[in-house]
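Per-entry structural report
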Amino acid sequence: MTMRALCFLSFLVFAIHGTRAVEYSVTNNALTTPGGVTFRDKIGAAYAKQTLDSATQFIWRVFQQNTPADRKNVQKVSLFVDDIHDMDGVVAYTNTSNDDIHLNARYVNSNSGDLKTGITGVLYHEMTHVWQWYGNGQAPGGLIKGMADYVRLKANYAASNWGKPGEGQKWDQGYTVTAYFLDYCDSLKSGFVAQLNKLMRTGYSDQFFVQLLGKSVDQLWRDYKAKYGNIP
Ligand SMILES: *[C@@H]1O[C@H](CO)[C@@H](O)[C@H](O)[C@H]1NC(C)=O
């Protein structure tokens, strides 16, 4: 191989690596609790780190955040396993001021199904909170949470206790209700969720639905409910 080719190759490796230089850390603060021990023995820091990275790659694809300019400037994501007892049975939460994800050891201890799959799904949901845009604080909280479950759904990590498509009272009810509704919207126009997220970089308006799909969000919700045989 010529020197020139070698130089080019190392440039390429650097360029590819440079765009993916997100650092991950995993800290288990709950080793004195059953959930913390279960996390150590059944999940492990290595698997958790690898999952944080694959979630990031997946989210960038779903949101079509192909270059660093499309993404939040996040250098490091830290996962903590904590014994959280003062937040009413919370599974996990993400602090978007510092990109820390907190997983509740009590949830790890109570998760009955396939533990590894369940935790992986939770990490995909939380990692979406790291990368998604928040409409400058104006977006409905239910939409934000619904987008995170949409990513989880698309990654095939929907939990077995999730409801079915077509359920729910309001489009922005959040979590799985909104996730299935967004999936319906994306079926009308592939890439819809990515486009919506892009628009949410600087603000939020329900008009984004009209802009992208030619119908109001309320009309889309009625169409969606009708498709599943529910008259709203
Ligand atoms: C979120 O992170 C900020 C910055 O580190 C910190 O001041 C704040 O207390 C954190 N909030 C929660 C709920 O952990």
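Keep in mind that what you see is a predicted model, and the values were worked out from it rather than measured. (Residues numbered from 1 in each chain as written. Predicted model: local features only at pLDDT ≥ 70, side-chain atom pairs only at ≥ 80, totals over all residues. Heavy atoms only, no water.)

1. Description of the site of the ligand
For the ligand, the full set of nearby residues is Tyr93, Asn95, Ser97 and Asn98. Residue asparagine 95 places a side-chain N or O atom 2.3 Å away from an oxygen atom belonging to the ligand. Take asparagine 98: an N or O atom from its side chain is 3.0 Å from an oxygen atom of the ligand. Considered on its own, the ligand offers 360 Å² of accessible surface; in the complex 35% of this is hidden by protein. Classifying every residue of the shell around the ligand gives one nonpolar, three polar and no charged. (Near = heavy atom within 4 Å. Polar contact = N/O pair within 3.5 Å; in protein donor to acceptor, adjacent residues only side chain to side chain. Areas by Shrake-Rupley, 256 points an atom, 1.4 Å probe, with all protein chains shown as cover. Nonpolar A, V, L, I, M, F, W, Y, C, P; charged D, E, K, R; others polar.)

2. Considering the domain arrangement of the protein chain
The domain boundaries assigned to the protein chain delineate domain 1 (21-131) and domain 2 (138-232). Taken together, the 18 residues of domain 1 in the interface contact 19 residues of domain 2. Buried surface at the junction of domain 1 and domain 2, summed over both partners, amounts to about 1500 Å²; 64% is from carbon and sulfur atoms. When the buried area of domain 1 at its contact with domain 2 is split by residue, Phe63, Gln64 and His125 rank highest and sum to 36% of it. On the surface where domain 1 and domain 2 come into contact, there are zero salt bridges. The tally of links from domain 1 across to domain 2 stands at three residue pairs in polar contact (both at pLDDT 80 or more). Where the side of domain 1 that touches domain 2 is concerned, the elements lending two or more residues are α3 (45-62) and α5 (115-131). Of the residues forming the side of domain 1 that touches domain 2, the biggest block, nine residues, is contributed by α5. Along the lines of polarity and charge, the residues of the side of domain 1 that touches domain 2 split into seven nonpolar, nine polar and two charged. (Domains from an automatic or database assignment. Contact = heavy atoms within 4.5 Å. Buried area = accessible area lost by both parts, 1.4 Å probe. Salt bridge = Lys/Arg side-chain N within 4 Å of Asp/Glu carboxyl O. Helix = DSSP H or I, 4+ residues; strand = E, 2+ residues; numbered from the N terminus.)

3. Examining the pairing of strand β3 (residues 92-95)
Along β3, the buried face is formed by Ala92 and Thr94; none of Tyr93 and Asn95, which line the opposite face, is buried. Of the pairings in the sheet, the one linking β3 to strand β4 (residues 100-104) comprises four bridges and is antiparallel in character. Residue pairing in the sheet places tyrosine 93 in a bridge with histidine 102 of β4. (Buried < 20%, exposed > 50% of the residue type's maximum accessible area, 1.4 Å probe, protein only. Pairing = 2+ DSSP bridges.)

4. Some words on the packing of aromatic side chains
Under the counting rule described, the total for this entry stands at 14 aromatic pairs. A centroid spacing of 6.2 Å and a plane angle of 90 degrees characterise the contact between tryptophan 162 and tyrosine 180, whose relative ring orientation is edge-to-face. Remark: tyrosine 180 occurs in helix α7 (residues 175-188) and tryptophan 162 occurs in the loop between α6 (141-154) and α7; sequence separation between them is 18 residues. Residues tryptophan 162 and tyrosine 180 agree in their burial class; the two are buried. Here the aromatic cluster, defined as three or more aromatic residues joined through ring pairs, consists of Trp171, Phe181, Tyr184, Phe192, Phe209, Trp221, Tyr224 and Tyr228. Over the face of the ring belonging to tyrosine 47 we find lysine 116, whose NZ or CZ atom lies 4.4 Å from the ring centre. (Phe/Tyr/Trp six-rings, centres within 6.5 Å; stacked < 30°, edge-to-face > 60°. Lys NZ or Arg CZ within 6 Å of the ring centre and 35° of its normal.)

5. What to know about α7
Given 3.6 residues per turn, any residue in an α-helix points the same way as the ones three and four places further on. For α7, which comprises 14 residues, the first-to-last C-alpha distance of 20 Å matches the rise-based estimate of 20 Å (1.5 Å per residue) to within 8%. α7 sits mainly inside the fold: ten of its 14 residues count as buried. Three or more residues of α7 are buried, namely Thr176, Val177, Thr178, Ala179, Tyr180, Phe181, Leu182, Tyr184, Cys185 and Asp186. (Expected span 1.5 Å × (residues − 1).)

6. Let's talk about the packing of helix α2 (residues 34-43) against α5
At a minimum axis distance of 11 Å, the contact between α2 and α5 shows a crossing angle of 105 degrees. Regarding the angle of α2 to α5, the classification is roughly perpendicular. Of the residues in α5, those touching α2 at Thr38, Lys42 and Ile43 are Leu115, Lys116 and Ile119. (Axes fitted to C-alpha atoms, helices over the stretch in contact; angles between N-to-C directions. Parallel < 35°, antiparallel > 145°, perpendicular 65-115°, else oblique.)

7. Observations regarding the sheet that holds strand β1 (residues 23-28)
Overall, mixed pairing links the four strands, which are arranged β1-β2-β4-β3 in an open sheet. Each having just a single partner strand, β1 and β3 make up the two edges of the open sheet. Geometrically, the sheet is characterised by an average inter-axis angle of 15 degrees between neighbouring strands, direction not taken into account. Packing of α2 onto the sheet brings it into contact with β1, β2 (76-82) and β4, and relative to β1 it is tilted by some 135 degrees. Relative to β3, α5 is tilted by about 25 degrees, and along the sheet it contacts β1, β2, β3 and β4.

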